[in-house]
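# Tertiary structure, described
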Amino acid sequence: MTATELREAILRHLEFSQGKDLAHASLYDMRMALTLAIRDRIIEPWFHATRATYAAQSKRVYYLSMEFLIGRLLEDAILNVGLTEAAHEAVSGLGFDFRDVLNDEPDAALGNGGLGRLAACFLDSMSTLGCPAYGYGIRYEHGLFRQSFGPDGRQVEDAEDWLRQSHGWEFERPEASFRIGFGGSVAESGRSAVWTPENAVMAKAYDTPIVGWQGKWANTLRLWGAEPLRAFDLAAFNKGDFTGAAAPEALARTISRVLYPDDTTAQGKELRLKQEFFFTAASLRDILRRFTSEHSDLRALPSRVAIQMNDTHPAIAGPELIRLLADERGLPFEEAVDTARACLGYTNHTLMPEALERWSESLMAEVLPRHMQIIERIDEMHAKAHPTRKSSILENGEVKMGELSFIMAHRVNGVSALHTELVKSTVFSDLHALHPDRIVNETNGVTPRRWIKGANPRLSSLITETIGEGWEDHLERLTELEPAIETQEFRDRFAAVKAANKADLAEWIGTTMGISVNPDAMFDVQIKRFHEYKRQHLNILETIALWLEMRENPKAGWAPRVKIFGGKAAPGYVMAKEIIHLINNVARVVNADKATRELLTVVYPPNYNVTMAEKLIPAADLSEQISTAGKEASGTGNMKFSLNGALTIGTLDGANVEIRDLVGEENFFLFGMTADEVVERRRHPDHASSAIAESPRLTAAIEAIEAGMFSNGDKAMYRMITQNLRAHDYFTVCADFDSYWDAQRRVDTAWFDRDNWTRMAALNAARTGWFSSDRTIKGYMGDIWNISPMI
Ligand code: 26Q
């Protein structure tokens, strides 16, 4: 398609879809017209994918996830269908700024963090590889809350409202609607059981096509919206009960109203359980409907259907699939269990005990009475088959969803090499001993289309000019950059790309936050959800210690730094919110200090999201991956930074281990205890206080906080943080502090040899192509799904 043809298509949509002529078109109208014109280009590969899959009777993947953190879709789609230049030309020709049009799209934050973003990268890779797939999730009316900071520097949460304007991508599918029941009773009739729910809602499908690289294939993201069975109680209305008449509607819609904003604490809330069952049950019914329209023998299900559970959130898929096969379709119970297991895979994303889902048996029995019976039966069957087993699904009146998922899946995977070994040796050690072939590793990856090509066009051009076209879907080819990296010319161009990206970011920080930053300073970035295990407080303590020493001795030859933070805390996570509060006040005090003005700036833009990540990552010099070893399952931001030519300061945690192996230890700033050492160190009750006593710098930093230096003299303000560090410090911030400090000074030294820094940064980009999510998806296809690509 040429720019002229695209222009015509946009004008047609302006007129016939938006009902506007060009003279009266708003930015929104233009964005919608462009979206619809691009969406039109995706229909053909979308139909082709459906027909080809059907014709080949191919197996399909169903990726069940409570979260899809897709961000904006327009730029990515334009990129994938190869219309970037044409769209730019067409839109400018119509009198609009192309960037403004792209920026008008709301960022769809239908996820919390890594797990949701991984699901979005997987959709891109499955379409790129021609892996027939559906993503199934919830069409939340409100995604993750919008974050701002109050005048005191505390986090303020507001409802997010991405659906206020039509976003243009989705197709409503009223014909794909299923009734989803809750509560009620179970009647045994002969060998099977009949569940009669007490109440029900409708799940209605909304489809978004997800096109792969070069527009050859498109899969579907199918999100379920909850609706009442009957919209409006006319009888109540006629009796004058105006509010009561709308009650059923409000109640049903609650289920898809809002995304739970906790990414690590799984409190057993009834609405959450209903959300989980709602989208899982609707998806399974859809899957069985599609299967039975093509096949009649249910035992063939595993040869046509691979269902991946993204963590335990859709774990009710096991019992529900058994119920559908046994109760509703007459398969013998044991056969239903085996069939379900052969279809199901389970990805574990965390070892943190508080994040492992457990539901009280009484709540489960109340909301899903038949499922509770099935869970008991699965547990009994498993106990019978393995009399030596130590752990069970049911324990202390609770249903453990991790154990249920493990037992009901034919494969269980971890998300990095280290994490997978820890899954085997800790949470699931008993089950691993019984099923030694079940756990496999699939190290995470990220899509290079969004995270290099889209986010970093300057670097992308340099790569193409150096190694030629075609690296975007063969990312291992980035190693071909290595010979060029040894030339001064390439290094200068690589450095110029980074400098230009930093200049863009500096300008954005200036206009959005009113802070002027030195674009020649090192941009040191930590962006991720706030959690104590991710240790943003380690970073801010080092910042304080650094600032104190800079003030003492401003001429000591410090490397100028801009410390950039980004991320949200769960609204109920008080400690994480206190850390945010502290960072904002350290920023206020440090940035006001004229003595260190040129050396240190702290910037914390509010409302970090996918769109902001796309701005920050290409401009980063240093990537902070400083979690307590053993706690970060993988990380995926770490991969995006390396690919974009940032160096990592990090612990031996999650995928950092694999990043370091690939880039070489001389191109990675390692610090801190290993996972084993952390466990050992914690056994000493004074592990924190002794570390503080032995570190004058850490002592000075903590005492500066306690003296009220960042709280206008209020000595009590940050007691929660400092007391926890002194007394408990489960995440070993204190024990790792000096090692972190030393690593930061090695970073400083390296920074002063700028040409060598550039060389190291370029080697990071060249050697991390393995972290493409295409490689990850090929792993799932081979090890778990048993599916071959269709293109
Ligand atoms: C569970 C129950 C109730 C409410 C919320 C939740 C919940 C929601 C989201 C629990 C966990 C999450 C998200 C977890 C997550 O994002 N984990 C990250 O997954 C990434 C992809 O594998 C990894 O790279 C990260 O290391 C891991 O932290």
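First, a word on scope: everything that follows refers to the structure included in this document. Owing to the predicted nature of the structure, the values given are computational and were not obtained by experimental measurement.

Conventions used here
- Residues numbered from 1 in each chain as written.
- Predicted model: local features only at pLDDT ≥ 70, side-chain atom pairs only at ≥ 80, totals over all residues.
- Heavy atoms only, no water.
- Helix = DSSP H or I, 4+ residues; strand = E, 2+ residues; numbered from the N terminus.
- Buried < 20%, exposed > 50% of the residue type's maximum accessible area, 1.4 Å probe, protein only.
- Contact = heavy atoms within 4.5 Å.
- Salt bridge = Lys/Arg side-chain N within 4 Å of Asp/Glu carboxyl O.
- 1 Å grid on protein atoms, 1.4 Å probe; cavity = no way out; pocket = protein on both sides within 12 Å on 5 of 7 lines; lining within 4 Å.
- Points joined across faces, edges and corners; volume = space filled by probe spheres on them.
- Nonpolar A, V, L, I, M, F, W, Y, C, P; charged D, E, K, R; others polar.
- Domains from an automatic or database assignment.

### Overview of the environment of F68
Looking at the secondary structure, you find F68 in strand β2 (residues 68-71). Separated by 407 residues in the primary sequence, F68 and L475 have C-alpha atoms spaced 24 Å apart.

### Focus on the side chain of H313
Structurally, H313 is set in the loop between β12 (305-310) and α11 (317-326). Residue classification places H313 among the buried residues on the basis of a relative accessible area of 12%. Among all residues touching H313, those that are not within four sequence positions of it are M66, L115, R272, E276 and E357.

### A closer look at the pattern of salt bridges
The tally for this structure, following the rule as stated, stands at 60 salt bridges. Here D29 and K20 are joined by a salt bridge, their closest N and O atoms 2.6 Å apart. A relative accessible area of 30% places K20 in the partly exposed class. Residue R60 is joined to E294 by a salt bridge in which the shortest nitrogen-to-oxygen separation is 3.2 Å.

### Structural notes on the layout of surface pockets
By volume, the largest pocket is sized at about 1300 Å³. For the lining of the largest pocket, the element with the most residues is helix α3 (residues 74-80), which contributes 6 residues. When its residues are assigned to classes, the lining of the largest pocket shows 13 nonpolar, 13 polar and 14 charged. For the second largest pocket, the calculated volume is near 430 Å³. Lining the second largest pocket are 21 residues, with P106, D107, R146, E160 and W162 sitting closest to its centre. When grouped by side-chain class, the residues that make up the lining of the second largest pocket number 6 nonpolar, 5 polar and 10 charged. A domain split of the lining of the second largest pocket shows at least three residues from each of domain 1 (57-71 + 107-444 + 777-785) and domain 2 (457-771).

Everything listed is a geometric property; what it means functionally is a separate question.
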